[in-house]
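Structural overview
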Amino acid sequence: MSDLDLRRLPKHVAIIPDGNGRWAKLRSEERTLGHVRGTTNVKEIVTFAKELGIQVLTIYAFSDENWQRPLQEVGILMDLLKQYLIEERETILKNKIQLRAMGTIDRLPAPVLEELKKTIELSSQNQEMILNFAVSYGSRSEIIQAIQKISQDVLKGKFPPEKIDSALLSQYLYTKDLPDPDLLIRTSGEMRISNFLLWQMAYTELYVTPTLWPDFSREEFVKALLEYQTRKRRFGLTEEQTLSHGCDTH
Ligand code: FPP
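This write-up is about the structure you can find in this document. (Residues numbered from 1 in each chain as written. Predicted model: local features only at pLDDT ≥ 70, side-chain atom pairs only at ≥ 80, totals over all residues. Heavy atoms only, no water.)

A short note on the environment of Glu-227
- Relative to the elements of secondary structure, Glu-227 occurs in helix 7 (residues 218-230).
- There is a polar contact of 2.8 Å between the side chain of Glu-227 and the side chain of Arg-231. (Helix = DSSP H or I, 4+ residues; strand = E, 2+ residues; numbered from the N terminus. Polar contact = N/O pair within 3.5 Å; in protein donor to acceptor, adjacent residues only side chain to side chain.)

Structure follows, in structure tokens:
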């Protein structure tokens, strides 16, 4: 912790919290226990990120593809999400965290959606950290929906096709008013992006740790941030250019 430069933290950290199932299997336990411990760890890491001063934390809580898991497991994950929203509401509000969700959230069971919307609404004026849950989220469907809306706006005559550029497309994504992630943390060793923020992560620094999500502690988070602070970010330019443009080169 002592070496961490709090003035050079990533603004936006995205996390793929993987490995709940393997964590349970290693202990000859049911997958459910892994998800329970994983949820407890979400609480811990959210609180820690807020303490450190991270501005945006995006967590891939449930993917488009996760709907295809066994019905019972989907049910458990939904229950845990609901429980989290109920139990953490007070902490989220007390810590001035603004909760957001991105994904086709209308697919969520009504009681989960209700709790989600309630916390989103109650926390909407909070300014200290944005906690962005990707639920029922898939990056490809996000991009497809954006293209559909752009096409409709072109047909309505709002702008000609030549006006479509990166900045415009970004405005049609769930993340339209957020900075792109500076750092992606993926736990449990898989070297994949798994349909997560494909557009937004064009220049994101990737950090993969073999640690399973329930074991991803505060210390592990600091390790990821320290590694991030050793990276030279060039955004496709040469080092000399990034220095003369005053780019953030960490
Ligand atoms: C990966 O473990 C994790 C998930 C599929 C979902 C992530 C969910 C949580 C961390 C808990 C609920 C979240 C919130 C925000 C309350 P896995 O089952 O893919 O593990 P495995 O790859 O080892 O099987």
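Still more to cover.
Quick look at the pairing of strand 5 (residues 183-187)
- With five of its five residues buried, strand 5 lies for the most part within the structure.
- Here strand 5 shows two buried faces, one formed by Leu-183, Ile-185 and Thr-187 and the other by Leu-184 and Arg-186.
- Bridge count for strand 1 (residues 12-16) against strand 5 is four bridges, and the pairing is parallel. Directly across from Ile-16, in strand 5, lies its bridge partner Arg-186.
- Where strand 5 and strand 6 (residues 205-209) come together, five bridges link them in parallel fashion. Following the sheet pairing, Leu-184 is matched in strand 6 by Leu-206. (Buried < 20%, exposed > 50% of the residue type's maximum accessible area, 1.4 Å probe, protein only. Pairing = 2+ DSSP bridges.)

Points about the site of the ligand
- With respect to spatial proximity, 16 residues lie near the ligand, and among them Asp-18, Gly-21, Arg-22, Arg-31 and Arg-69 are the closest.
- Here an oxygen atom of the ligand sits 3.0 Å away from a polar atom, N or O, in the main chain of Gly-21.
- Separating an oxygen atom of the ligand from a side-chain N or O atom of Arg-69 is a distance of 2.8 Å.
- Mapped onto the shell around the ligand, the elements with two or more residues apiece are helix 1 (20-26) and helix 2 (31-52).
- Per-class residue counts for the shell around the ligand are six nonpolar, six polar and four charged. (Near = heavy atom within 4 Å. Nonpolar A, V, L, I, M, F, W, Y, C, P; charged D, E, K, R; others polar.)

So, helix 7
- Over its 13 residues, helix 7 runs 19 Å from end to end, which matches the ideal 18 Å to within 8%, given 1.5 Å per residue.
- Inspection of helix 7 places Glu-220, Phe-221, Val-222, Ala-224, Leu-225, Tyr-228 and Gln-229 among the buried residues, and these make up the whole buried set. (Expected span 1.5 Å × (residues − 1).)

A few points about the nonpolar core
- Residues Val-46, Leu-57, Leu-108, Leu-131, Ile-185 and Phe-221 are the most contacted members of the largest nonpolar core, which totals 43 residues.
- A total of seven residues in this core trace back to one element, the largest contributor, which is helix 3 (residues 71-94).
- Core analysis: the second largest hydrophobic core is formed by 10 residues, Ala-14, Tyr-137, Leu-184 and Phe-196 among them. (Core = buried A, V, L, I, M, F, W, Y, C linked by side-chain atoms within 4.5 Å.)

Side note on helix 4 (residues 110-122)
- Taking 1.5 Å of rise per residue, the 13 residues of helix 4 would be expected to cover 18 Å, and the 18 Å separating its terminal C-alpha atoms lies within 8% of that figure.
- Restricting attention to buried positions, one finds in helix 4 the residues Val-112, Leu-113, Glu-115, Leu-116 and Thr-119. Looking down the long axis of helix 4, one finds its buried residues gathered within 165 degrees of arc, a one-sided arrangement. Every exposed residue of helix 4 that faces more than 90 degrees away from the buried side is listed here: Ala-110, Glu-114 and Glu-121.
- Those residues of helix 4 hidden inside the fold are in contact with helix 3, strand 3 (97-102) and strand 4 (129-137). (Arc of directions from axis to C-beta. Contact = heavy atoms within 4.5 Å.)

Some words on the sheet that holds strand 6
- Overall, parallel pairing links the six strands, which are arranged 3-4-2-1-5-6 in an open sheet. The open sheet has two free edges, formed respectively by strand 3 and strand 6, since each of these has just one partner strand. Adjacent strand axes in the sheet meet at a mean angle of 20 degrees, parallel and antiparallel pairs treated alike.
- Sheet topology note: the strand 1/strand 2 (residues 56-63) ladder contains four bridges and is parallel. Directly across from Val-13, in strand 2, lies its bridge partner Leu-57.
- Where helix 4 meets the sheet, its contacts fall on strand 3 and strand 4, and the angle it forms with strand 3 comes to roughly 135 degrees. (Axes fitted to C-alpha atoms, helices over the stretch in contact; angles between N-to-C directions.)

Such coordinate-based values are descriptive only and should not be taken to indicate function.
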